[in-house]
Structures are given as structure tokens and as C-alpha cells.
Amino acid sequence: MNKDKERKIVIGSDHAAFDLKEKVKKFVLELNYKINDIGTFTKESINYVDFGKKVAQAVSKKEYPMGILLCGTGIGMSITANRFSGVRAALCSDIFSVKMSRKHNDSNILVLGGRVVGDILAFELIKVWLETPFDGGRHLKRIMKIDDSIKVFSQG
Ligand code: RB5
């Protein structure tokens, strides 16, 4: 597990991935992580953006070192989350990508599509994601450039 990081995770989903979120919460708790569920709390149709923003803000402000976001495809959540400074959200549905998202990209939000991956694959992806450390080195310089670019672009 990531010994260098606090073992707490913020999680959010929309209605399309509500069932998966409930199962993922249990799974992550069993791995001895604390988890803060920011919703949604029912299957009533809502906007993924609102929940994606909450998780991304918590990670961007460093209130949580890592977050998990779930929606139907994961696409809306990943687009939303990656608007936030310091957030590196990785939408993954295979083990190689999830591992590399940690090793090379230091992903701090894992995004899964509840209509794309089944429960077992989701659990496997999360476990690998939590267990894989960032390689650092040349990859650190690269991820630092991402936020440099955000600052330059936002200054116009
Ligand atoms: C909801 O129907 C769906 O659009 C949402 O879960 C997600 O897939 C958006 O990217």
C-alpha cells in the first residue's frame, strides 16, 4: 500500500454508478482506508459534474491525497476532475493503464465507469492503484509541467 500517503480517500459518483460506489466503499474500508463519501446517495438522476467537482476540490486543496470518482462511462467525471489544479484523474479499465497511471503520472484520482467495468474488475483496478507507488524521477518533472501550463494558460 502507499505508505507515504495518508490512508484516506474521498469518493463520489452519480446515479449511474451509485451501486458500484456502495460496493467500492466496502472494499476500500476492508483495505484499511478511511473513506469520505460525498454522494450521490440515491439512484435519482443527478449531474455528475456536481459530485466530480466536490471530490476534485478536496484533492486539489490537499484535504485528501487520493479520490475515486465513478459515473456511467467515467468520461464526464474525468473531464470535470482534470479541470482542477493539481488533480491528475485517470480513467482506467485495464490493469496495465491503472498501474502506469500511478508509476508515471502519479494519478491522484481514479475514475471508473460503472457501465464499463464489472464489480470484480473495479476492485482489482482499485487494489492495484492503491498498491502502486509513483516512480518519481523524470516523471516528477513531467507532472510538474502540467500545473505550470495551467498557470500560464489561466494567466492568458
Ligand atoms: C449518466 O446517464 C451518464 O451520462 C453519466 O453517468 C456519465 O457516463 C457521463 O459521462
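Q: For this particular structure, what's the right way to read the pattern of salt bridges?
A: Side chains that differ in sign of charge can pair as their charged atoms come close. Tallied over the entire structure, the rule returns eleven salt bridges. With its nearest N and O atoms 2.7 Å apart, the salt bridge here joins Lys23 to Asp119. Of this pair, Lys23 sits in helix 1 (residues 18-30) while Asp119 sits in helix 5 (residues 119-131), and the two are 96 residues apart along the sequence. Note on Lys23: relative accessible area 37%, which makes it partly exposed. By relative accessible area, which is 30% here, Asp119 ends up partly exposed. Arg88 is the salt-bridge partner of Asp106, the closest N and O atoms lying 3.2 Å from each other. Taken as a pair, Asp106 in the loop between helix 4 (95-103) and strand 5 (109-113) and Arg88 in the loop between helix 3 (75-81) and strand 4 (89-91) lie far apart in primary sequence, 18 residues in all. In this structure, Asp106 and Arg88 share a single accessibility class: buried.

Q: Mind showing me how you'd approach the nonpolar core here?
A: Soluble, globular proteins show a tendency: their nonpolar side chains are buried together. Membership of the largest hydrophobic core comes to 25 residues, with the highest contact counts inside it found for Val24, Val28, Ile68, Leu112, Ile126 and Leu130. Among the secondary structure elements, those contributing two or more residues to this core are strand 1 (8-13), helix 1, strand 3 (66-71), strand 5 and helix 5. Sorting elements by how many residues they give to this core places helix 5 first, with seven residues. With 17 residues, the next largest nonpolar core counts Val55, Val59, Cys71 and Ile109 among its residues.

Q: How should the sheet that holds strand 2 (residues 34-37) be read in this particular structure?
A: Hydrogen bonding along the main chain pairs the strands of a sheet, whether they run parallel or antiparallel. If you walk across this open sheet you meet the five strands as 2-1-3-5-4, and the pairing is parallel. Of all strands in the sheet, those with a lone pairing partner are strand 2 and strand 4, marking the two edges. Averaged over neighbouring strand pairs, the angle between their axes works out to 20 degrees when direction is ignored. Each of strand 1, strand 2 and strand 3 is contacted by helix 1, which is oriented at about 170 degrees to strand 1, the strand it contacts most. Against the sheet, helix 2 (residues 48-60) touches strand 1, strand 3 and strand 5, its axis set at about 170 degrees to strand 3.

Q: I'm lost on the site of the ligand in this one. Help?
A: As a matter of local geometry, the ligand sits amid Asp14, His15, Ala16, Tyr48, Cys71, Gly72, Thr73, Gly76 and Arg115. For the ligand, an oxygen atom lies 3.4 Å from a polar atom in the side chain of Arg115. Coverage of the ligand by the protein chains reaches 71% of its 290 Å² of free accessible surface. A per-class count over the shell around the ligand returns three nonpolar, four polar and two charged.

Q: It is not clear to me how the packing of helix 1 against helix 5 should be interpreted in this structure. Could you clarify?
A: In a packed pair of helices, the relevant descriptors are the angle between the two axes and the axis-to-axis distance. Close contact between helix 1 and helix 5 brings their axes to 10 Å; oriented N to C, the two are set at 45 degrees. With respect to each other, helix 1 and helix 5 are oriented oblique. Crossing geometry of helix 1 relative to helix 5 is assigned as right-handed. Of the residues in helix 5, those in contact with Leu20, Lys23, Val24, Phe27 and Val28 of helix 1 are Asp119, Ala122, Phe123, Ile126 and Lys127. Tallied by class, residues from the contact of helix 1 with helix 5 come to seven nonpolar, no polar and three charged.

Q: Would you mind going over the pairing of strand 1 with me for this structure?
A: Each regular strand displays side chains that alternate between the two surfaces of the sheet. Counting buried positions along strand 1 gives five out of six residues, so the element sits mostly inside the fold. Bridge count between strand 1 and strand 2: four bridges; the pairing is parallel. When the bridges of strand 2 are listed, Lys8 appears paired with Lys34. As a crossover connection, the stretch from strand 1 through helix 1 into strand 2 is right-handed. Pairing analysis gives five bridges linking strand 1 to strand 3, with the strands arranged parallel. Bridging across to strand 3, Gly12 finds its partner in Leu69.

Calculation notes
Residues numbered from 1 in each chain as written. Predicted model: local features only at pLDDT ≥ 70, side-chain atom pairs only at ≥ 80, totals over all residues. Heavy atoms only, no water. Salt bridge = Lys/Arg side-chain N within 4 Å of Asp/Glu carboxyl O. Helix = DSSP H or I, 4+ residues; strand = E, 2+ residues; numbered from the N terminus. Buried < 20%, exposed > 50% of the residue type's maximum accessible area, 1.4 Å probe, protein only. Core = buried A, V, L, I, M, F, W, Y, C linked by side-chain atoms within 4.5 Å. Pairing = 2+ DSSP bridges. Axes fitted to C-alpha atoms, helices over the stretch in contact; angles between N-to-C directions. Contact = heavy atoms within 4.5 Å. Near = heavy atom within 4 Å. Polar contact = N/O pair within 3.5 Å; in protein donor to acceptor, adjacent residues only side chain to side chain. Areas by Shrake-Rupley, 256 points an atom, 1.4 Å probe, with all protein chains shown as cover. Nonpolar A, V, L, I, M, F, W, Y, C, P; charged D, E, K, R; others polar. Parallel < 35°, antiparallel > 145°, perpendicular 65-115°, else oblique. Left-handed = near helix turned anticlockwise from the far one by under 90°. Right-handed = clockwise from strand over helix to strand, strands pointing away.

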